[in-house]
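Topology and contacts: notes
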Amino acid sequence: MVLLATLNPFLGLVLGLFHPRDPAAKNLVWVFTVFYGTVFYIASGSGSDSVRYAEQLWFMHNSGFGFGDLVGSFFVDRGSYQDLYQPLVTFLVSRVTDETWLLFGAFGILLGYVYSRNVWFLIEKLPRRPGLTIWVLVLAFAFAVGIGVSLNGVRMWTALHVFIFGVLYFSDTKQPKYLLIALLSPLIHFSFVIPCGLLIAFLFVKRFGLAIYIFFVASFFIAAIDVAMVRSAAEYLPLTMGERVTSGYIDRADDDYGMAGGADGQGAWFLVLNSTLVSVFVFLAATWLFYRKAHQRTGPTGFLLLFGMLIYGSINLVAHIPSSQRFFNIGEMLMIAALVLYLAGQCRVNKLDFFLANVALLLLGIDIALGVRFFFEFASVWLIAGNFFIAPFVSADVGLYEFVKSLW
């Protein structure tokens, strides 16, 4: 497996997916994620975050930018960086080269580790023969924020996967180190002070399951919150966050998917429809699991269900702040995980549970399709046939999705 992953990481990924019980499978996904980064497709002039990261690398390598300049740009009023991870990794790579294959390969190391462990957290808890429904739910979890999108928006989405990693393993083991990992996610993206704050609050209120569910349901029916009131509340956020909200930094279109809408928040119709369907999924899944008393379980199922409801309901209340909607992904992934663990923990899934699980899959259909589509969107044509040895010498200037599309 190691030799195959070296010579052709894509085939190694396929082998790992066909043998998910093999202990090496998750490491094959980890290696593949790093390789994905080395042949990452950067669409010049697209406005994608990856373009900006490539420009930062070039500037740091060619302009005499030093460590003192980097330190001076952290956490200062109107400073360049409010996070540590991405600028620090970019700076370290810039000491060697301005080639983006090494930068995005480096980004893939941390992302690939936590991403693969998050997916295998669920796989390792599945029964011997889980059935197609559960497998597709695991697929939905894996593609909710996939590898390509995560490498393109490496700050936000690496922070998300690190946060999810800490929450999943803390819910299962109660080891403080996993809680600490989750709480370190703001070092990757400053905005994660919000989910971290909610996580700390949850530890004090998690025994009030009924109250959390009522809050969750009520959040869907609260009418529009006055935007001015939201912006006033933003003034109480940490300085850099408050400035970004009130000055319009967050108002810009965050084009993670390459086709999101403009400042009015209106995107392509299927993105809007998908957002609605995912919200319906979260509401129905949470309600059914609560009715089935899954929240009373002492293991990770109850923890993830309750925390997923708390974070999703909280983001519902501040959804008028542009870009806050990205935190819905946390609630979605936690709800999928809770549903998978609930179904996997049943000795025998009754007909109603099975029916509702399949309804849930229908609601997640567009989400899964988009995940697959954007897996190829940010991959170059070398993803399938290439390997680590040729990555430094090839030009990842043709997107795999566009290449396949051109053949039709």
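Here the residue index of a chain counts from 1 through its sequence in written order. Whole-chain, interface and lining totals are the exception, using all residues; otherwise, since this is a predicted model, local features are given only for residues with pLDDT of at least 70 and side-chain atom pairs are given and counted only at 80 or more. Heavy atoms from the whole structure form the basis of all side-chain values; hydrogens and water molecules are not counted.

A few points about the overall build of the protein chain
- Helix and strand definitions here come from DSSP, where helices need a minimum of 4 consecutive H or I residues and strands a minimum of 2 consecutive E residues; each element is numbered from the N-terminal end. Each helix and strand in the protein chain was counted, giving 22 helices and zero strands.
- Buried residues are those whose accessible area, probed at 1.4 Å on protein chains only, stays under 20% of the maximum for their type, while exposed residues exceed 50% and partly exposed ones sit between those limits. Looking at the protein chain as a whole, 52% of its 408 residues qualify as buried.
- Across the protein chain, contacts joining residues at least 24 apart in sequence account for 73% of those joining residues at least 6 apart.
- With the model as given, the accessible surface of the protein chain reaches about 18,500 Å², and the carbon-plus-sulfur share is 67%. Only heavy atoms enter the contact rule, under which two residues are in contact if any of them lie within 4.5 Å. Here the Shrake-Rupley method, with its probe set to 1.4 Å, supplies the accessible areas, and only the displayed protein chains count as covering residues.

Looking at the confidence of the model for the protein chain
- On a scale of 0 to 100, pLDDT captures the predictor's confidence in every residue. Here the protein chain averages 85 in pLDDT, while 86% of its residues score no lower than 70.
- The low-confidence segment residues 239-266 (pLDDT under 50) makes 60 contacts with residues lying over four places distant or belonging to another chain.

Quick notes on the nonpolar core
- Counting 115 residues, the largest nonpolar core has Y36, F281, F307 and M309 as the members making the most contacts within it.
- Counting residues per element, this core draws most heavily on helix α18 (residues 328-344), at 14 residues.
- In this view, F281 contacts E332, M335, I336, L339, A360, L363 and L364; residues no more than four positions away in its chain are not counted.
- One finds M60, F65, L70 and F91 within the second-largest nonpolar core, a separate group that totals five residues. To qualify as a nonpolar core, a set must consist of buried Ala, Val, Leu, Ile, Met, Phe, Trp, Tyr and Cys residues joined through side-chain atoms within 4.5 Å.

A look at the packing of helix α2 (residues 9-18) against helix α3 (residues 25-38)
- Running from N to C, α2 and α3 cross one another at 150°; their axes reach a closest spacing of 8 Å. Taken together, the axes of α2 and α3 lie roughly antiparallel to each other. Crossing geometry of α2 relative to α3 is assigned as left-handed. On α3, the residues touching P9, F10, G12, L13 and G16 of α2 are A25, L28, V29, F32 and F35.
- Looking at the contact of α2 with α3 residue by residue, the class counts come to eight nonpolar, two polar and no charged. In this analysis an axis means a line fitted to C-alpha atoms, helices contributing only their contacting stretch, and an angle means the value between N-to-C directions, from 0 to 180 degrees. If an angle is under 35 degrees, it is roughly parallel; if it is over 145, roughly antiparallel; if it lies from 65 to 115, roughly perpendicular; otherwise it is oblique. Note on convention: the crossing is left-handed when the near helix lies turned anticlockwise from the far helix by less than a right angle, right-handed when the turn is clockwise. Asp, Glu, Lys and Arg are counted as charged, while Ala, Val, Leu, Ile, Met, Phe, Trp, Tyr, Cys and Pro are counted as nonpolar; the rest, among them Gly, fall into the polar class.

A short note on the packing of aromatic side chains
- A pair of Phe, Tyr and Trp rings is counted when the ring centres sit within 6.5 Å of each other, with Trp represented by its six-membered ring. The angle between the planes then sorts it: under 30 degrees is stacked, over 60 is edge-to-face, the rest tilted. Taken as a whole and assessed by the stated rule, the structure comprises 36 aromatic pairs.
- With a centroid separation of 4.8 Å and 0° between ring planes, the pair formed by F40 and F104 is classed as stacked. Here F40, found in the loop between α3 and α4 (49-62), pairs with F104, found in helix α7 (residues 100-123); they are 64 residues apart in sequence, far enough to count as distant. Exposure class is identical for F40 and F104. Each is buried.
- Seen from their ring centres, F220 and Y312 are 6.0 Å apart, and the 15° between their planes marks the pair as stacked. Here F220 is found in helix α13 (residues 209-221), whereas its partner Y312 is found in helix α17 (residues 300-317), with 92 residues between them in sequence.
- Residue class for F220 comes out partly exposed when judged on its relative accessible area of 26%.
- By way of ring pairs, the aromatic residues F10, F32, Y36, F40, Y53, Y85, F104, F107, F143, F375, F376 and F378 are connected into one cluster.
- The criterion for a charge sitting over a ring is simple: Lys NZ or Arg CZ within 6 Å of the ring centre, and within 35 degrees of the ring normal. The side chain of K125 reaches across the aromatic face of F121, ending 5.2 Å from its centre.
- Across the ring face of Y401, the terminal group of R373 is positioned such that the distance to the ring centre comes to 3.9 Å.

A closer look at the side chain of K26
- Note on placement: K26 falls in helix α3.
- Setting aside anything within four residues of it in sequence, one finds K26 in contact with S116, R117, W120 and E124.

As for the packing of α4 against helix α6 (residues 85-94)
- Between α4 and α6, whose axes approach to 9 Å, the crossing angle comes to 50°. Considered as vectors, α4 and α6 are oriented oblique to each other. Crossing of α4 against α6: the hand is right-handed. Across the interface between the two elements, Y53, Q56, L57, M60 and H61 from α4 touch Q86, P87, T90, F91, V93 and S94 from α6.
- For the contact of α4 with α6, the per-class residue count stands at six nonpolar, five polar and no charged.

Re a nonpolar patch on the surface
- A cluster of nonpolar side chains, contributed by F67, V71, L88 and L92, occupies part of the molecular surface with about 380 Å² of accessible area.
- Listed by contribution, the elements that provide at least two residues to the nonpolar patch are α5 (67-72) and α6.
- Locating F67 in the fold gives a position in helix α5.
- With a relative accessible area of 52%, F67 lands in the exposed category. The patches reported here contain residues having more than 30% relative accessible area and no salt bridge. Joining distances are 9 Å for like charges and 5 Å for nonpolar side chains (Val, Leu, Ile, Met, Phe, Trp, Tyr). Basic side-chain nitrogens of Lys or Arg form a salt bridge, by our definition, when they fall within 4 Å of a carboxyl oxygen of Asp or Glu.

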